[in-house]
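Residue-level listing of the chains:
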Amino acid sequence: MNQQPNVAGNTPAKPFLSLTRINKHYRGAREPVHAAKDVSFELERGQTASLVGASGCGKSTVLKMIAGLLRPSSGEIHLDGRRLTGPDKGVGIMFQQPTLLPWRTVTDNVLLPIEIRQGKAAAKLAAERAKSLIHMAGLTGFEEALPGELSGGMAQRAAVCRMLVNEPDLLLLDEPFGALDEFTREQMNVEFQRICSARKATAIVVTHSIQEAVFLSDVVFVMSPRPGRISKRIDIDLPRPRTPDMVTSSAFNEYVREIHHCLFVRNSEANHG
Ligand SMILES: Nc1ncnc2c1ncn2[C@@H]1O[C@H](COP(=O)(O)OP(=O)(O)OP(=O)(O)O)[C@@H](O)[C@H]1O
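All values derive from a computational prediction rather than experimental measurement.

> What exactly am I supposed to notice about the overall build of the protein here?
Along the backbone of the protein there are eight helices and ten strands. Rg of the C-alpha trace for the protein: 19 Å, near the compact-globule value of 19 Å for 273 residues, within the 12% margin. By principal-axis analysis of the C-alpha atoms, the protein measures approximately 55 × 55 × 40 Å. The 273 residues of the protein split such that 35% are buried. Residue pairs in contact within the protein that sit at least 24 positions apart in sequence constitute 68% of those at least 6 positions apart.

What follows is the structure, given as structure tokens:
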């Protein structure tokens, strides 16, 4: 990507993550599906972004392409100056279900990505790192517990630790807290924000909750119905750390209204005309 000098003659810093005109076509059972259309955006290091949009608009498809689990039909993805063409050590991913292995303890589940990549000896050496992550996630005392002994929120926190154990710079989360009750979800959002800011991690969250998107994000990308395009970028200029009482503030609710309008009025106007 060419970096043009700005007015002052300086070359602007390269974005940490950039997607450039990403398209994804699936073969489809009956006909081809154009799931993502010319998706382009950039994020700076340390920013949290959300992708919101109607069911089936291509949010997970975009996330999976960034994760290297799916190849784009066209377009390029760059992370920290290198082109991503497959799964990358610098990228951690987490899905709605914690998918912990039921026969492994919390510690051994957290260490699994290291064991898979680098073997059992490397996982053993990383035991202290796993322990401190488990502690940070409020699971002290459950290091040797099996997943069946954890609540849904605790299992999801263990999955957060597993995502972080390789110390990724970019975190990708697909509906991470969607299966949790509202109270636990709110706690997880506060916790997740704390982890991101402590590690200066960059994150992209797919969510169906407009409130969650506003709460977590520096920028919200609204996607149009299929073929999914980024129809609007909304920068969330609320102070950090975000706190649960902020959700009742008028500034917070103005953002919620704006995103709601983009999703339910603008997108539908665009569809019908
Ligand atoms: N492997 C696949 N083969 C064919 N079509 C697919 C495949 N995966 C997804 N699709 C289609 O691509 C479109 C986008 O799917 P995707 O899962 O990315 O949407 P989404 O916005 O994440 O949906 P949801 O919010 O319901 O999870 C949908 O029409 C879906 O049916």
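On we go from here.
> Would you mind going over the environment of K131 with me for this structure?
Note on placement: K131 falls in helix α4 (residues 127–136). Classification of K131 by C-beta neighbours within 10 Å gives partly exposed; the count is 15. It is 9.8 Å that separates the C-alpha atoms of K131 and V106, two residues lying 25 residues apart in sequence.

> Would you take a moment to explain unusual backbone geometry for this structure?
The bulk of non-glycine residues show a negative phi, and the bulk of peptide bonds are trans. The residue after R226, namely P227, is reached through a cis peptide bond having omega 0 degrees. Here P227 shows up in the loop between β9 (219–223) and β10 (230–235). The residue after R240, namely P241, is reached through a cis peptide bond having omega 0 degrees. The phi angle at E167 is positive, at roughly 50 degrees, despite the residue not being glycine. On the basis of neighbour count, E167 is assigned to the partly exposed category, with 13 C-beta atoms found within 10 Å.

Cut-offs and rules
- Residues numbered from 1 in each chain as written.
- Predicted model: local features only at pLDDT ≥ 70, side-chain atom pairs only at ≥ 80, totals over all residues.
- Helix = DSSP H or I, 4+ residues; strand = E, 2+ residues; numbered from the N terminus.
- Rg over C-alpha atoms; globule rule 2.2 N^0.38 Å.
- Buried ≥ 20, exposed ≤ 12 C-beta atoms within 10 Å, placed from the backbone.
- Contact = placed C-beta atoms within 7 Å.

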